[in-house]
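# A structural walkthrough
Residues per chain, in single letters:
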Amino acid sequence: MDLKDLYRDVIVDHNRNPRNFRPMPDADRHADGFNPLCGDRLTLYVKLDGDRISDVSFQGDGCAISVASASLLTESVRGRTVPEAEALFSTMHRVLTREGEDADPAVLGKLAALSGVREFPARVKCASLCWHTLEAALHSEAAPVSTE
Ligand code: ZN
C-alpha cells in the first residue's frame, strides 16, 4: 500500500465515521462555516479550560473532504493550547496551498492525509473550511477578563 492509498483510506474512514460529530450545548465558543464553492456547512464547538482546548466537536453537512477534515481537526486540536492550535492551523494552510511544502509528519500526524488535496485546487477550501471556522470560533468572544 502506498502513501496515497493510506491517505485515501484515512479520509474515507473519517468521512464515513466522523469523530466528535455532535452538538455541544455547553460550548464556550462556536462558529459557523460555509464554503459556497462546494456547499459545505459546519458548526464548530470549542470548550476551553484556561487557554487549553479541552473539548471540540462539530456538526454539519458537506463533501467527504470537508467532513474528514473537520473530523481530523477535532482529534488533532483536542488537548492543545490555543496558540498550539493556531500554529497547527498555519502549518495546515501551508501544506494545503504550497506545492512541495511537506510539514514534519510528526507534527501533522493523520492531518498529513489531507496534503494530497493541494493537487485539486478546487477542493482546498473544502479541507480548510473547518480550520477557518476554528479560528473564527476561537476569536468569537473578547479575550477573557484578566485580574492581573
Ligand atoms: Zn467540499
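Residues numbered from 1 in each chain as written. Predicted model: local features only at pLDDT ≥ 70, side-chain atom pairs only at ≥ 80, totals over all residues. Heavy atoms only, no water.

### Section: the packing of aromatic side chains
Counted according to the given criterion, the structure contains 2 aromatic pairs. Note on phenylalanine 21 and phenylalanine 58: the rings are 5.1 Å apart at their centroids and 80 degrees apart in plane angle, and the pair reads as edge-to-face. Placement of phenylalanine 21 in the loop between helix H1 (3-16) and strand E1 (29-35) and of phenylalanine 58 in strand E3 (residues 52-61) is noted, with a sequence separation of 37 residues between them. (Phe/Tyr/Trp six-rings, centres within 6.5 Å; stacked < 30°, edge-to-face > 60°. Helix = DSSP H or I, 4+ residues; strand = E, 2+ residues; numbered from the N terminus.)

### Focus on the sheet that holds E1
One open sheet accounts for 3 strands, arranged E1-E2-E3; its pairing is antiparallel. At either margin of the open sheet sits one strand with a lone partner, and together these are E1 and E3. For this sheet the average axis-to-axis angle between neighbouring strands, irrespective of direction, equals 20 degrees. Bridge count for strand E2 (residues 40-49) against E3 is 9 bridges, and the pairing is antiparallel. For aspartate 49, the partnering residue across the bridge sits in E3 and is arginine 52. Sheet contacts for helix H2 (residues 64-77): E2 and E3; angle to E3, the most-contacted strand, approximately 170 degrees. (Pairing = 2+ DSSP bridges. Axes fitted to C-alpha atoms, helices over the stretch in contact; angles between N-to-C directions. Contact = heavy atoms within 4.5 Å.)

### With respect to the environment of alanine 31
As for its placement among the helices and strands, alanine 31 is situated in strand E1. On the accessibility criterion, alanine 31 (10% relative accessible area) is buried. A C-alpha to C-alpha distance of 25 Å links alanine 31 and glycine 109, two positions 78 residues apart in sequence. Apart from the residues within four sequence positions on either side, alanine 31 is in contact with Leu42, Thr43, Leu44, Thr133, Ala136 and Ala137. (Buried < 20%, exposed > 50% of the residue type's maximum accessible area, 1.4 Å probe, protein only.)

### Observations regarding the coordination of the zinc ion
Surrounding the zinc ion are the protein donor atoms Cys38 (SG), Asp40 (OD), Asp40 (OD), Cys63 (SG) and Cys126 (SG), which sit 2.2 to 2.6 Å from the metal. Sequence spacing among the residues donating to the zinc ion works out to C-x1-D-x22-C-x62-C. Pair noted here: cysteine 38 is in the loop between E1 and E2 and cysteine 126 is in helix H5 (residues 124-138), with a separation of 88 residues, a long-range link. By relative accessible area, which is 36% here, cysteine 38 ends up partly exposed. Judged by relative accessible area, which is 1%, cysteine 126 ranks as buried. (Donors = N, O, S within 2.8 Å, 3.2 Å for Na, K, Ca; no water.)

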